[in-house]
Every structure is written in structure tokens, then in C-alpha cells.
Amino acid sequence: MVNVLYFAALRDALSIEGERIPLPETVHTVGALRTYLGSRGAQWAPLLEWQNLRCARNRSLCGWDEPVCDGDEIAFFPPVTGG
């Protein structure tokens, strides 16, 4: 199982804060997890459509090629700005 969190405008677009899902056998990276989640239907399209989406594994920013394992926490979020 992996704990997937969605933040900011992505959370609003998906209408969900997070979910706990079984890690599919074919998913080995954060990018593959993004593709898997985004392929679940129209509601999940923002995961694939937003080119500037960021990710974190276990609360550390990472790249799309970062390995993902059972028990991980994966977060997806758009870039944020402050001011």
C-alpha cells in the first residue's frame, strides 16, 4: 500500500485530499504511479495534463524516476509561489 496525497489546486481539481492504494506490480517509480493514477478516468486527467506538477516521496522532493515502494507516502502538487 502507498499513501498518496494531493495538494493545493490539484486537490481541488480532483476533489480528494488523498488515498491509500495497493501498489500495482507494474509501478516502480513515482512517474509510473502518476501515469497509473491519471489513467483511471476523466476525474484523474489533471495528473497527466498538468506539465508542471511536482512530486515528493516520504516528504522529500523527488524526480519522476524516483523508486516507489510499499509503505511510501507520495505527494503530488502544483508549484507554489509566495509573496
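Everything discussed here concerns the structure shown above.
Below: a short report on this structure. Worth saying up front: this structure is predicted, and the values here are computed from it rather than measured. (Residues numbered from 1 in each chain as written. Predicted model: local features only at pLDDT ≥ 70, side-chain atom pairs only at ≥ 80, totals over all residues. Heavy atoms only, no water.)

**Section: the sheet that holds strand 2 (residues 18-21)**
Then step 1. One open sheet accounts for five strands, arranged 2-1-5-3-4; its pairing is mixed. Looking along the sheet, the strands with just one partner apiece sit at the ends: strand 2 and strand 4 (60-62). Adjacent strand axes in the sheet meet at a mean angle of 25°, parallel and antiparallel pairs treated alike.
Then step 2. Direction of pairing for strand 1 (residues 2-6) relative to strand 2: antiparallel, over a ladder of four bridges. Considered in strand 2, the bridge of Leu5 is made with Gly18.
Then step 3. Those strands touched by helix 2 (residues 30-38) are strand 1, strand 2, strand 3 (54-57), strand 4 and strand 5 (73-77), and its axis lies near 65° from that of strand 5. (Pairing = 2+ DSSP bridges. Helix = DSSP H or I, 4+ residues; strand = E, 2+ residues; numbered from the N terminus. Axes fitted to C-alpha atoms, helices over the stretch in contact; angles between N-to-C directions. Contact = heavy atoms within 4.5 Å.)

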